[in-house]
Amino acid sequence: MLTSSRRFSTHVAALVFLALTAPIASRAQSGPASSEKPFVVEYYYKAKWGHADEFLKLFKKNHYPVLKKEMELERIVKVWVDQPRYHTTEDGRWDFRVTIVFKNAAVANEPFDEVALQKQMYPDQETFQHEEQRRFEILDGHWDLPIKTVELEK
């Protein structure tokens, strides 16, 4: 027969166990639903002074068609480009923000053979590679920023 202090210890141990495992079980159950949410990434490009138009021309010629093909393949839901209306400080300056909405986080992070797609779409690989190299040569900066929505009403 258990003494009252031993019963108390058993109850405390059970409560601690539940407190530690309940959040894990809850996250495991909500995992698949959240993995189906769209996954948004913003890609920032800062061109060297005087080269923003050239960057955009090369982006539209070589990279945007690849992104559109990925939309046809249903990896990407939506793509758009923003440009600041006014200027900022040089440190915070960016010329283009490309926002890509992927189907979900898994699709965004799983391996995808973009090179094979590029070879299929651009048979003249020498020109394609040269222009893509130029597109990045004229940049002062480039960074990628995965975005999450903050629920304000919860």
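Residues numbered from 1 in each chain as written. Predicted model: local features only at pLDDT ≥ 70, side-chain atom pairs only at ≥ 80, totals over all residues. Heavy atoms only, no water.

**Some thoughts on the pattern of salt bridges**
With the rule as written, the count across this model stands at twelve salt bridges. Across the salt bridge formed by E54 and R134, the nearest N and O atoms sit 2.9 Å from each other. Within this pair, whereas E54 is found in helix 2 (residues 52-72), its partner R134 is found in helix 5 (residues 125-137), the two being separated by 80 residues in sequence. E54 sits in the partly exposed class, given a relative accessible area of 28%. Look at R134 and you get partly exposed, because its relative accessible area is 29%. Between D140 and R93 there is a salt bridge whose closest N-O contact spans 4.0 Å. Taken together, the positions of D140 in strand 4 (residues 139-147) and R93 in the loop between strand 2 (76-82) and strand 3 (96-102) put the pair 47 residues apart, joining distant regions of the chain. A relative accessible area of 7% means that R93 is categorised as buried. Overlapping salt bridges, with partners in common, bring together K46, E90, R93, D95 and D140 in one network. (Salt bridge = Lys/Arg side-chain N within 4 Å of Asp/Glu carboxyl O. Helix = DSSP H or I, 4+ residues; strand = E, 2+ residues; numbered from the N terminus. Buried < 20%, exposed > 50% of the residue type's maximum accessible area, 1.4 Å probe, protein only.)

**Focus on the packing of helix 2 against helix 4 (residues 114-121)**
The N-to-C vectors of helix 2 and helix 4 enclose an angle of 110 degrees; their axes lie 11 Å apart at closest approach. With respect to their mutual orientation, helix 2 and helix 4 come out roughly perpendicular. The crossing of helix 2 and helix 4 is right-handed. From helix 2, H63, P65, V66, K69 and E70 reach across to helix 4, where they touch E114, L117, Q118 and M121. Split by residue class, the contact of helix 2 with helix 4 holds four nonpolar, two polar and three charged. (Axes fitted to C-alpha atoms, helices over the stretch in contact; angles between N-to-C directions. Parallel < 35°, antiparallel > 145°, perpendicular 65-115°, else oblique. Left-handed = near helix turned anticlockwise from the far one by under 90°. Contact = heavy atoms within 4.5 Å. Nonpolar A, V, L, I, M, F, W, Y, C, P; charged D, E, K, R; others polar.)

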